[in-house]
Amino acid sequence: MLEKKKSTWKHVGLGVVALASAAALAACGNGSKQSSKDEINWYFRTEINSLDISKSTDTYSGTVIGNSGSNLLRVNAKGKTVPDLAKKVEVSKDGLTYTATLRKGIKWSDGSAITAKDFVYSWQRIVNPKTASEYSNLALDSHVKNAKAINKGEIKDLNALGVKAEGNKVIFTLETPTPQMEYLLAFTSFMPQKEAFVNKVGKKYGTNSDSQLYSGPYIATGWNGTNGSYKLKKNKYYWNADKVKTKVINIQTVKKPETAVQMYKRGELDMAEISNTPALYKANKNNKDVVNIYEAVTTYFEYNQTGTNKALSNKKIRQALNYATNRKAYVDTVIPTGSRAATGIAPYKLAKVNGKDLSKEVAPGYSYDVDKAKELFKEGLQEIGQTSVKFTITSDADSPTAKAGLDYIKGAWEKALPGLTIEEKFVPFKQRLQDSKAQNFDIVMTLWGGDYPEGSSFYSLFTSKSSQNNGRFSNPAYDQAYEKAVTTDALEPAKAAEDYKAAEKALFDEANINPIYFRSMKGLQNPSIKGLVRSSTGLNVDFTYAYKK
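- The name an unreviewed UniProt entry gives the protein is Oligopeptide ABC transporter, substrate-binding protein OppA, with Streptococcus ratti FA-1 = DSM 20564 as the organism.
- Comment text from UniProt for the protein, heading Sequence similarities (unreviewed entry), reads "Belongs to the bacterial solute-binding protein 5 family."
- Entered under Subcellular location (unreviewed entry) in the UniProt record, the comment concerning the protein runs "Cell envelope".

Next up, the structure:
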């Protein structure tokens, strides 16, 4: 277990569903065709993008990385961190020093030794500005010594980072205590990387399954960088390989949810989501194989505030769009499948504070008010000297509800705001990520899932310097509230929650983003599968100890 030296930490529980007991799953409703007992057949709704540990940001790539890689710790079925490649992690009383002691004999998938230096290199690589990692903000928010200065280029020597190797120990030195640190030691972006291998494959690193080295329970095979069908095969060098019962995880891309459900009922898949469309949900919600898929996911609109469309640089126009958004009607009309209308950016099931869901504690007051929207829009148009404006909204072509969602928004906004024209643009998921990063959008619909069960997993996205702040806005009140939460109040969850509430209010007042809904899913799952761990944050699906009974 994670060992602490008289630590005063108070941890927020992680929302996790462990699908490991017969009580949790009903009788199977599959057809006669059943897959091998030694194999699990899974699917993703879109292709994965990268196996580069430092650069991957999407959920699907992260699932492959998280099952083919290991970290010092791993999140178990109860949402607690437990030793993985480390046999123990000790935390100093002041919360500023973490000492991880590695297990003896741990190996890479090529049989070579995993060393403490491999963890140091991974941390150095993600903060190195030359890597241009979109997830570098996670490392910066860890408050590891000199992480921010190195990432800014103020310190050139990567060895100045507060992550050191001493024999079989990895020692982390923090500048201030960090409540999410133990979860970062289990997160995919900080899994070890072998420097010699990364240098050997060069630019090809992580671009296909052969250009990666694996430290986890499985190895990825058969992915050429673009194809949608590949495998996770048991890694014989994994330290706990004897406890990994499933030999192969077959993964394929199935973009149409109806097709996935049909394949499940034919026994060709061991899982199929049913919450993608209202019709699919209604037809299958009473199936005996239905399970909850808890997620800490928020869907929201990002506004490009760089000035390329000057109307979106006007606060009143952004506020008008927010007030013209009927979130409950959107959920009831477009996705009546169990999701909730968003009350802020921090989603339901992310974390709890004082026994209450964080999302309820920080809600700033988003509401639907057409009259107020009309008034603000008219004033905004006058301020920019225009009588009409046109915005293009970008969404995922891969999403089965994207068209219905944008149709609803277009109709509602144009009706509520005379002079507004909305154009719809649909691009593949991968392209949407690239366009968002490059500010190649007016308004973009984005989904973000929590990386760990603490508010900063979402609030770190919108600081002025965050690489995930695709709208490129600067909100000093927000920055100040967030910084206080992760420094001064880092070890006091109740005070940090008050800071996050102030941060939510700052986003609300400036209308920097527009939260739409908190996603909640249900799916069909083969009830013979035991030991599968589903988490609402971080690695959403962990196959390590999953098996068919």
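The rest of the description comes next.
What about unusual backbone geometry?
Negative phi values dominate among residues other than glycine, just as trans dominates among peptide bonds.
Move 1: A positive phi is found at Lys-349, a non-glycine position, where the angle reads about 75 degrees.
Move 2: Along the chain, Lys-349 turns up in the loop between β15 (340–341) and β16 (352–353).
Move 3: At Arg-472, a residue that is not glycine, the phi angle is positive and equals roughly 55 degrees.
Move 4: Along the chain, the position of Arg-472 falls in the loop between α15 (456–459) and α16 (476–486).
Move 5: A relative accessible area of 37% means that Arg-472 is categorised as partly exposed.

A short note on the UniProt feature "domain: Solute-binding protein family" (unreviewed entry) in the protein
Move 1: Taken from the UniProt record, the annotation "domain: Solute-binding protein family" (unreviewed entry) applies to residues 81–469.
Move 2: Within the segment residues 81–469, helix and strand shares are 30% and 22% respectively, and the terminal C-alpha atoms sit 29 Å apart.

Observations regarding the side chain of Thr-277
Move 1: Of note, Thr-277 is situated in the loop between β13 (271–273) and α8 (278–284).
Move 2: According to the relative accessible area criterion, Thr-277 is buried, its value standing at 12%.
Move 3: In this view, Thr-277 contacts Pro-257, Glu-258, Thr-337, Pro-400 and Thr-401; residues no more than four positions away in its chain are not counted.

Topic: helix α9 (residues 315–323)
Move 1: Most of α9 is tucked away, with 7 of its 9 residues classed as buried.
Move 2: Every buried residue of α9 is listed here: Ile-317, Arg-318, Gln-319, Ala-320, Leu-321, Asn-322 and Tyr-323.
Move 3: Measuring from the side-chain oxygen of the N-cap residue of α9 to the backbone nitrogen of Lys-316 gives 3.0 Å; that N-cap residue is Asn-314.

Looking at the packing of aromatic side chains
Move 1: Scanning all chains against the criterion turns up 17 aromatic pairs.
Move 2: Where Trp-123 meets Phe-172, the ring centres are 5.4 Å apart and the plane angle is 65 degrees; that geometry is what we call edge-to-face. One end of the pair, Trp-123, is in helix α2 (residues 116–127); the other, Phe-172, is in strand β9 (residues 169–173), with 49 residues separating them in the sequence.
Move 3: Overall, the relative accessible area of 1% leaves Trp-123 in the buried class.
Move 4: Among the residues examined, Phe-172 registers a relative accessible area of 1% and is labelled buried.
Move 5: With 5.9 Å between their ring centres and 90 degrees between their planes, Tyr-135 and Trp-448 make a pair best called edge-to-face. In this pair, Tyr-135 sits in the loop between α2 and α3 (136–141) while Trp-448 sits in strand β20 (residues 443–449), placing the two residues 313 residues apart along the sequence.
Move 6: Classification of Trp-448 by relative accessible area gives buried; the value is 10%.
Move 7: Members of the aromatic cluster, each reached through a chain of ring pairs, are Phe-44, Tyr-60 and Phe-429.
Move 8: Directly above the aromatic system of Tyr-348 lies the positively charged group of Arg-340, at a separation of 3.6 Å from the ring centroid.

Side note on α16
Move 1: When we look at burial in α16, the residues that qualify are Tyr-478, Ala-481, Tyr-482, Ala-485 and Val-486. End-on, the buried residues of α16 take up no more than an arc of 125 degrees, which puts them together on one face. Facing away from the buried side of α16, by more than 90 degrees, are the exposed residues Pro-476 and Gln-480.
Move 2: Where the residues of α16 are buried, they touch α3, α15 and α17 (493–510).

Points about the pairing of strand β23 (residues 532–535)
Two faces make up the sheet, and in a regular strand the side chains alternate between them.
Move 1: Neither face of β23 is exposed, since Leu-532 and Arg-534 on one face and Val-533 and Ser-535 on the opposite face are all buried.
Move 2: Taking the residues between adjacent antiparallel strands as the criterion, β23 and strand β24 (residues 541–542) are bridged by 5 residues, where Gly-538 takes a positive phi near 65 degrees.

Here we look at the packing of α16 against α17
A packed helix pair is summarised by two numbers, namely the angle formed by the two axes and the spacing between the axes.
Move 1: Here α16 crosses α17 at 165 degrees, and the two axes come no closer than 8 Å. Between α16 and α17, the angle is such that the two are roughly antiparallel. Our pair here, α16 against α17, has a crossing hand that is left-handed. Only Ala-496, Asp-499, Tyr-500, Ala-502, Ala-503, Ala-506 and Leu-507 of α17 make contact with α16, whose side of the interface consists of Ala-477, Tyr-478, Ala-481, Tyr-482, Lys-484, Ala-485 and Val-486.
Move 2: Split by residue class, the contact of α16 with α17 holds 12 nonpolar, no polar and 2 charged.

Quick notes on the pattern of salt bridges
Move 1: Across all of its chains, the model carries 25 salt bridges by this definition.
Move 2: A salt bridge links Asp-332 to Lys-328; the nearest nitrogen and oxygen atoms lie 2.8 Å apart. Within this pair, Asp-332 and its partner Lys-328 are both found in helix α10 (residues 327–333), separated by 4 residues, close to a single helical turn.
Move 3: Ionic pairing is found between Lys-505 and Asp-509, a salt bridge with its closest N-O pair at 2.8 Å. Remark: Asp-509 and Lys-505 occur in helix α17; sequence separation between them is 4 residues, near one turn of the helix.

Observations regarding the sheet that holds strand β3 (residues 39–44)
Move 1: Reading across from one edge, β3-β12-β11-β10 is the order of the 4 strands in this open sheet, with mixed pairing throughout. What marks the edges here is a single partner per strand, and that holds for β3 and β10 (218–221). Going across the sheet, the axis of each strand differs from the next one's by a mean of 20 degrees, ignoring polarity.
Move 2: Across 6 bridges, the pairing between β3 and strand β12 (residues 248–253) is parallel. For Glu-39, the partnering residue across the bridge sits in β12 and is Val-248.
Move 3: The sheet strands contacting helix α1 (residues 59–68) are β3, β10, β11 (229–234) and β12, and the helix crosses β10 at an angle near 130 degrees.

Thoughts on the pairing of strand β6 (residues 86–91)
Move 1: Bridge count between β6 and strand β7 (residues 97–102): 5 bridges; the pairing is antiparallel. What sits directly across from Val-91, in β7, is Tyr-98.
Move 2: Two successive antiparallel strands, β6 and β7, enclose a turn made up of 5 residues, where Gly-95 displays a positive phi of approximately 75 degrees.

About the thresholds
Residues numbered from 1 in each chain as written. Predicted model: local features only at pLDDT ≥ 70, side-chain atom pairs only at ≥ 80, totals over all residues. Heavy atoms only, no water. UniProt positions renumbered as here; feature names shortened; annotations may be inferred. Helix = DSSP H or I, 4+ residues; strand = E, 2+ residues; numbered from the N terminus. Buried < 20%, exposed > 50% of the residue type's maximum accessible area, 1.4 Å probe, protein only. Contact = heavy atoms within 4.5 Å. Polar contact = N/O pair within 3.5 Å; in protein donor to acceptor, adjacent residues only side chain to side chain. Phe/Tyr/Trp six-rings, centres within 6.5 Å; stacked < 30°, edge-to-face > 60°. Lys NZ or Arg CZ within 6 Å of the ring centre and 35° of its normal. Arc of directions from axis to C-beta. Pairing = 2+ DSSP bridges. Axes fitted to C-alpha atoms, helices over the stretch in contact; angles between N-to-C directions. Parallel < 35°, antiparallel > 145°, perpendicular 65-115°, else oblique. Left-handed = near helix turned anticlockwise from the far one by under 90°. Nonpolar A, V, L, I, M, F, W, Y, C, P; charged D, E, K, R; others polar. Salt bridge = Lys/Arg side-chain N within 4 Å of Asp/Glu carboxyl O.

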